[in-house]
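Understanding the architecture of this molecule
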Amino acid sequence: MNSRRRKTLEAIFADPVNGNIEWRKIEALFLALGADKNEGQGSAVTFILNGKRADFHRPHPNKESLKYRVKAAREFLESAGITP
């Protein structure tokens, strides 16, 4: 994992939760960790990592993830055994 992805991982696990992380950075982190990505209809996207599944809706029209999306990403990573 490169330093850019490591910074994203640390930002996801930071307290208090940061709601200004760009969604594309979170997606890139998931893919760098080896997640499979399945595109759904519209903004829906599903990731499978280490046998764990998470469904998300990409933010629009803004590109920043809100706090609830960052929390969901954190929970997904923890369930897949990924921590900073």
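Parameters and conventions
- Residues numbered from 1 in each chain as written.
- Predicted model: local features only at pLDDT ≥ 70, side-chain atom pairs only at ≥ 80, totals over all residues.
- Heavy atoms only, no water.
- Helix = DSSP H or I, 4+ residues; strand = E, 2+ residues; numbered from the N terminus.
- Contact = heavy atoms within 4.5 Å.
- Pairing = 2+ DSSP bridges.
- Axes fitted to C-alpha atoms, helices over the stretch in contact; angles between N-to-C directions.
- Core = buried A, V, L, I, M, F, W, Y, C linked by side-chain atoms within 4.5 Å.
- Buried < 20%, exposed > 50% of the residue type's maximum accessible area, 1.4 Å probe, protein only.
- Expected span 1.5 Å × (residues − 1).
- Arc of directions from axis to C-beta.

Along the chain, the position of Arg74 falls in helix H3 (residues 67-79). Those residues within four positions of Arg74 in sequence are excluded, and the remaining contacts are Ile12, Phe13, Ala14, Asp15 and Val17.

Below, the discussion takes up the sheet that holds strand E3 (residues 52-57). Spatially, three strands are ordered E1-E2-E3 in an open sheet, and the strand pairing comes out antiparallel. Edge positions in the open sheet fall to strand E1 (36-39) and E3, since each of these has one partner strand only. Direction aside, neighbouring strands of the sheet carry axes that sit 20 degrees apart on average. Two strands pair when backbone bridges link them, and strand E2 (residues 44-49) and E3 are joined in this way by six bridges, in the antiparallel orientation.

It is worth spelling out the nonpolar core at this point. Counting residues in each nonpolar core, the largest one holds 21 residues, and the members touching the most others are Ile12, Ile26, Phe30, Phe47, Phe56 and Leu77. Of all elements in the fold, only helix H1 (3-12), helix H2 (23-32), E2, E3 and H3 reach the threshold of two or more residues within this core. With sequence-adjacent residues up to four places away left out, Ile26 is seen in contact with Thr8, Ile12, Ile21, Ser65, Val70 and Ala73.

In this model H3 runs 18 Å from its N-terminal to its C-terminal C-alpha over 13 residues, within 8% of the 18 Å that 1.5 Å per residue would give. For H3, the full list of buried residues reads Arg69, Val70, Ala73, Arg74, Phe76 and Leu77. Each buried residue of H3 lies within a common arc of 160 degrees when the element is viewed along its axis, so the set occupies one face. Among the exposed residues of H3, those pointing more than 90 degrees away from its buried face are Tyr68 and Glu75. Downstream of H3 by one or two residues, Gly81 has phi in the positive range, about 85 degrees.

Everything listed is a geometric property; what it means functionally is a separate question.
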